[in-house]
Structure formats: structure tokens, C-alpha cells
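Spelled out, the chains give:
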Amino acid sequence: MRNILAIARRELHGYFSTPLAYVFIVIFLFLTGVFTFYIGGFYERNQADLDPFFRFHPWLYLFLIPAIAMRLWSEERKSGTIELLMTLPITVPEAVLGKFLAAWVFSGIALVLTFPMWITVNYLGAPDNTVIVAGYLGSFLMAGGFLAIGACISALTRSQVIAFVISVAVCFLFILSGFPLVLDFFQAWAPQALVDAIASISFLTHFESLQKGVIDLRDLIYYAVLISFWLYANVVVIEMKKAD
Amino acid sequence: MTDTNAPPAIEVRQLDKRFGAIHAVRNVSFSVRHGEVLGFLGPNGAGKSTTMKMIAGFLEPTAGTVLVNGHDVLEEPIKVKSSIGYLPEGAPTYGEMTVQRFLNFIAEIRGLDGSARQQRVDHVVRQIHLEGVLHQTIETLSKGFKRRVGVAQTLLHDPGVLIMDEPTDGLDPNQKFEVRSLIKEMAREKAIVISTHILEEVDAVCSRAIIIAAGQLLFDGTPAELRARSADNDIDNAFRLLTTQGDRQQDEVAQA
């Protein structure tokens, strides 16, 4: 635990010692604003909730989260520090968890900084704040899922650009699998069980119910399994090819 | 000082490493005792760094074993890594961190806390003369300072075994002299392995030298014995003689 925290602290500090952290937070806040008020029609809807705010999070995360995750391992490979890190008395799972936690906390900070949105909606009306809390929880869990994917893919390459592009593609698949476009395609010929299975691996399916304020244990388990799976894959990748 | 009954600090047995078609290290065996400074010599690409990476637990050998203080690197990696100070090739460090933050991070991972950590960091900073750059980010430092930060990092937990891949590369003559003095000073209680291209360094600091070329161990003895290999008692000539013999044999085979 001590090693995990030491690595997480170092990594988190690494975010804030480059412009990346500030650029990310500013763009994230700016885009959530644009999506909520202009595209989501926050005022026009005349409803006191944050649905237009949360609805676009999967799409923002699709591009922004891989940008946070891409440096986690690629940079270690490129600068050779992976050799320093892996010859310190720590285990690979400790390093993987530490890095993931740092990125997750960072995305949590960005999310918390959207609080003016929450204040606004409470000022304008009387929203159901438990729904909003569930929405934030869902968004945070979804960010964790995207990050676990991005971290694992970052471990595969020494190029941050390649890590970014591949992560976006894989995350896109995880969003898309809940879309009518994809599901209709399978609906025509595949058994319903398979269609449900494909729909159930989508981020959207599990985010939507949380966004509506339903905290279903199955959704929580989904994100826990998803994150665990990708972190495990991350450990395997590092163990298999430390030096390449 | 050198207790002959104690297990050697580092014991390398029939170490072998292949990268696909490349046979980087071939059946290399040697051991290092506390109180020894072993100079690791060889042409570029000879397998020096690969061997050091395997001792430090970064690479897994294809065959053979490495024991550090009697512990197998593969079976007890954390125990072995705790007892080693390792300077990787090129002295990689986290460039965006300040020297102080970086050393504190390594010390924390090395299990040092509170005032003990503070004391060790301060001690090493004085030892390596990093006082002036403590609050600078590492990426803004000169090559020599970066290397010294890398060396400092290996000493924080006062390890019994030091493995340093080219510790004096990129240093100016004064800094080289300082690092060499430091190594000699520490040699009494530690087992130290350094790799180098500078043959005078072997004479200056090493009590033993090993030469590997094309992955094979060609020589293991004292610097004086190495010098005696050449007709004119010159260490450079002895090195050339040993490391080019293989090429000549290959040429002869090719011609035949």
C-alpha cells in the first residue's frame, strides 16, 4: 500500500508539473459548459436537472481520458525510467495500481471542478440532488473504465501518440456497443442473448441508469470488473515486455 | 574484511540470454565478494548491460541463475532489489521532478521515513555534491549532474551491493575523480560492479576486472594480470588483444 501511494503521489505530481494538467482541466470545463448549455439545451428544457451535462460525458471522455492515460507507461518506456522503476523493490501490480490511481484522482479533480454546474442548477430550481450524486458517481466510474483501458494500451508502446489513437479506438468500441446502430445489426440474425451481451459491455448502458439516479449493484460490479480486467492486462503486458 | 566463508555478494551461474535470434549473453559465470570492486569491460554490444540488467532483476535470463547475498533474483525479486543499488545504462531519472523530490521519492520506495529519510537524503546530497541543484528540475541539469543524480539515487538505502552501468560517463575529469574516490571509499564494505569503457578507470578503482565480448567471458582476474596479457604490460593493448581474437578467428574461418 505504501509503495502504491508513493507511486501515485509521484505520478499525480507529474501531471501538475507539466502544462498537461491545466490544459486538460480548462478544456474539460470549457467543453462540458458548451455541451450543457448550447448542445444540451440546458435552459430551453426548463427542467432542474443535470441530464444535458452528464449526457455528453462519454463523448468528452472518449478523447480526453486517453490523453491523460497515454503518458502513464509510454513515457517510462521512452525515457528509460521503466528500468529504474522496475529495479526498485516494488511489484508490478503496485506500480500499475499506483499509476492508475493517480490518473483516476486527477480525473476526479477535473470532475469536482464542474461544481458550478451543480450550484447553477440548484440556484435556478429544485433538482433531485441524489440523482445528481448518482450521475457524478457514474461519470467517475466511467472515467475509471476509460483510464484502465488507456493505461493498459499505454504500456504496449513507447509512443504516446500511438497509445492515444489506439485507446480512443478501443474506448469508442466500448461506447458503440450499446448503440442502436450496432445492436440493430446484430438484432437481425443473432440470438437475443448475444445482443444483450454486446449491449451490456457498453459504457453507455451502465452509465445511463446511474445518470438517471438508479444506483444498481450490477452497474457498479460492471465497472469494477472492467477496471480490474484492464489493470490485470496492464500487469501482464508489463511483466511480459518490460524492456522493449 | 573479505570473509572467505561468507556467500559471495553476487553469484552469477551459467547466465544465458537470447533476444530472438541474438545470443546476447553466453554461459557467463562469475562471483563478487564484499570488499571487491569489479570492473566490467567489453566492446559496445558485448552483453555488459544485459548482464547487469539481469543481476538487477530487470531482465529475466533465458537460462542460469543470479544469487545476491544467497537469494535468487527470480524467486525473491523484492528481497534482492532491496539489497541492490542500481544505476541503469544512461542514468534515467524523472526529468520533470526536482532533484530533492526525486531523491525523496526513491528514499520513500526504499522504505525510509521521516527523519531517517531526511538524514539519508542530506547525507547523499553532500556526498555527491548536489546541494546547489537541489531545487532544480532534473531535465534542466547538465549531463554530468544528471549522471550524479543517478548515482545518488543508488546510495540512498546504503545497499551492500552496487551495480553501476557507466557511472562516470559524461562527467568531466574532476567529477570522474570524485566518483572514483567515492567508489574506492565505499569499496571496503560493499560489493561493487561497474561497467566502463575507460581502461584507466580499471587500474584506478577496480580490484578485479572481467572482460566479455560477443556475450562470452574472456577474462577474469586482477588489473595487473590483465596488463600482463600484453607484451608491453599495457592495459589498452591487453584489452585489444583479448577482444579482437574472436574477430580474427572468425575472419580466418571466413577465409578458409
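Residues numbered from 1 in each chain as written. Chains lettered and ligands numbered in written order. Predicted model: local features only at pLDDT ≥ 70, side-chain atom pairs only at ≥ 80, totals over all residues. Heavy atoms only, no water.

Q: Where do I start with the overall build of chain B in this structure?
A: Scanning chain B for helices and strands turns up nine helices and 10 strands. For 256 residues, the compact-globule estimate of 2.2 N^0.38 gives 18 Å, and the C-alpha radius of gyration of chain B, at 19 Å, lies within 12% of that figure. On the principal axes, the C-alpha backbone points of chain B span a range of 65 × 40 × 40 Å. Across the 256 residues that make up chain B, the buried fraction comes to 53%. Sequence-distant contacts in chain B: of pairs separated by 6 or more residues, those separated by 24 or more amount to 65%. Within chain B, the 34 negative side-chain charges are centred at a point lying 2 Å from the centre of the 28 positive side-chain charges. (Helix = DSSP H or I, 4+ residues; strand = E, 2+ residues; numbered from the N terminus. Rg over C-alpha atoms; globule rule 2.2 N^0.38 Å. Buried < 20%, exposed > 50% of the residue type's maximum accessible area, 1.4 Å probe, protein only. Contact = heavy atoms within 4.5 Å. Lys, Arg positive; Asp, Glu negative; His and termini not counted. Charge placed at Lys NZ, Arg CZ, Asp CG, Glu CD.)

Q: Would you mind going over the overall build of chain A with me for this structure?
A: Scanning chain A for helices and strands turns up 14 helices and zero strands. The order of α-helices and β-strands along chain A, N terminus first, is α-α-α-α-α-α-α-α-α-α-α-α-α-α. The C-alpha radius of gyration of chain A comes to 19 Å, within 12% of the 18 Å expected for a compact globule of 244 residues. Along the first, second and third principal axes, the C-alpha atoms of chain A reach 60 × 50 × 30 Å. Split into buried and exposed, the 244 residues of chain A put 53% on the buried side. At a minimum sequence separation of 6, the contacts of chain A that also span at least 24 residues come to 77%.

Q: Explain the nonpolar core to me, please; I cannot follow it from the model alone.
A: Looking at soluble globular proteins, one finds that nonpolar side chains tend to be buried together. Residue and element names in this part refer to chain A. Of all hydrophobic cores here, the largest spans 149 residues; its most connected members are Trp73 and Phe203. It is helix H9 (residues 129-154) that contributes the most residues to this core, 12 residues altogether. With residues up to four places along the chain from it excluded, the contact list for Trp73 reads Ile82, Leu85, Met86, Ala95, Val96, Lys99, Ala151, Ser154, Ala155, Asn234 and Ile238. Counting residues in each nonpolar core, the second largest holds eight residues, with Phe186, Ala190, Val195 and Ile198 among its members. (Core = buried A, V, L, I, M, F, W, Y, C linked by side-chain atoms within 4.5 Å.)

Q: In this structure, what is going on with unusual backbone geometry? I would like to understand it.
A: Trans is the prevailing form of peptide bonds, just as negative phi is the prevailing case for residues other than glycine. All names here are of chain B. Of note, Gln14 is a non-glycine position whose phi angle comes to about 45°, a positive value. Among the secondary structure elements, Gln14 is positioned in strand S1 (residues 10-19). We classify Gln14 as exposed; its relative accessible area is 52%. Of note in this structure, Asp158 is not a glycine but carries a positive phi near 50°. Residue position: Asp158 is located in the loop between helix H5 (143-155) and strand S7 (161-165).

Q: Looking at this model, I keep getting lost on the interface of chain A and chain B. Mind explaining?
A: Quoted interface sizes are often the accessible area lost when the parts come together. With 26 residues of chain A at the interface, the matching set in chain B holds 28 residues. Summing the contributions of chain A and of chain B, the shared interface buries around 2500 Å²; its carbon and sulfur component is 62%. The tally of links between chain A and chain B comes to four salt bridges. Note that B:Lys53 is salt-bridged to A:Glu83, the shortest N-O span being 2.9 Å. Examining the composition of the side of chain A that touches chain B, we find that eight residues originate from one element, helix H1 (residues 2-16) of chain A, more than from any other. Partitioning the side of chain A that touches chain B into residue classes produces 10 nonpolar, nine polar and seven charged. (Buried area = accessible area lost by both parts, 1.4 Å probe. Salt bridge = Lys/Arg side-chain N within 4 Å of Asp/Glu carboxyl O. Nonpolar A, V, L, I, M, F, W, Y, C, P; charged D, E, K, R; others polar.)

Q: Teacher, can you tell me more about the sheet that holds strand S5 (residues 71-72) of chain B here?
A: Neighbouring strands of a sheet are bound in pairs by backbone hydrogen bonds; such pairs are parallel or else antiparallel. Residue and element names in this part refer to chain B. Read across the sheet, four strands follow the order S2-S1-S4-S5 without closing on themselves; strand pairing throughout is antiparallel. Two strands bound the open sheet, and with one partner strand each, they are strand S2 (22-32) and S5. The pairing of S1 with strand S4 (residues 63-68) spans five bridges and is classified as antiparallel. Residue pairing across strands places Val12 opposite Val66, the latter belonging to S4. Packed onto the sheet, helix H1 (residues 48-55) meets S1, S2 and S4 and runs at close to 120° relative to S1. (Pairing = 2+ DSSP bridges. Axes fitted to C-alpha atoms, helices over the stretch in contact; angles between N-to-C directions.)

Q: When you look at the packing of aromatic side chains in this model, what are you seeing that I'm missing?
A: In this description, an aromatic ring pair is defined by two values, namely the gap between the centres and the angle between the planes. Residues and elements named next belong to chain A. Taken as a whole, this structure holds 22 aromatic pairs over all chains when the rule is applied. With centroids separated by 5.3 Å and ring planes inclined at 40°, the aromatic side chains of Phe100 and Trp104 adopt a geometry described as tilted. One end of the pair is Phe100 and the other is Trp104, both in helix H7 (residues 92-112) and four residues apart, which spans about a single turn. With a relative accessible area of 17%, Trp104 lands in the buried category. Their ring planes at 70° and their centres at 4.9 Å tell us that Tyr222 and Tyr223 sit as a pair that is edge-to-face. Both residues of the pair, Tyr222 and Tyr223, count as buried. Sitting above the plane of the Trp73 ring, Lys99 keeps its charged end 4.9 Å from the centroid. (Phe/Tyr/Trp six-rings, centres within 6.5 Å; stacked < 30°, edge-to-face > 60°. Lys NZ or Arg CZ within 6 Å of the ring centre and 35° of its normal.)

Q: Just checking my understanding: could you explain the pairing of strand S10 (residues 216-221) of chain B for this structure?
A: Two faces belong to every sheet, and in a regular strand the side chains alternate between them. Residue and element names in this part refer to chain B. Looking at chain direction, strand S9 (residues 208-213) and S10 are connected through five bridges and run antiparallel. When the sheet's bridge partners are listed, Ala209 is paired in S10 with Gly221. Hairpin connection from S9 to S10: two residues lie between these consecutive antiparallel strands, with Ala214 at a positive phi of about 50°.

Q: Any chance you could explain the pattern of salt bridges here in plain terms?
A: Summed over all chains, the structure comprises 22 salt bridges over all chains. Here B:Asp113 makes a salt bridge to B:Arg117, at a shortest N to O gap of 3.2 Å. Taking relative accessible area as the criterion, B:Asp113 reaches 40% and is therefore assigned partly exposed. A salt bridge links B:Asp220 to B:Arg208, with the shortest nitrogen-to-oxygen separation between them at 3.0 Å. With B:Asp220 in strand S10 and B:Arg208 in strand S9, this pair connects stretches of sequence that are 12 residues apart. Residue classification places B:Arg208 among the buried positions, given a relative accessible area of 13%. Among the charged side chains, a network of salt bridges with common partners joins A:Arg10, A:Glu11, A:Arg71, A:Glu75, A:Glu76, A:Lys99 and B:Glu96.

Q: I keep staring at the side chain of B:Gln153 and nothing clicks. Help me out?
A: With respect to the helices, strands and loops of the structure, B:Gln153 is situated in helix H5. The class of B:Gln153 is buried, set by a relative accessible area of 1%. A polar side-chain atom of B:Gln153 sits 3.1 Å from the main-chain carbonyl oxygen of B:Gly150. In this structure, B:Gln153 is in contact with A:Leu84, B:Tyr86, B:Phe102, B:Leu103 and B:Ile106, ignoring residues within four places of it in sequence. (Polar contact = N/O pair within 3.5 Å; in protein donor to acceptor, adjacent residues only side chain to side chain.)

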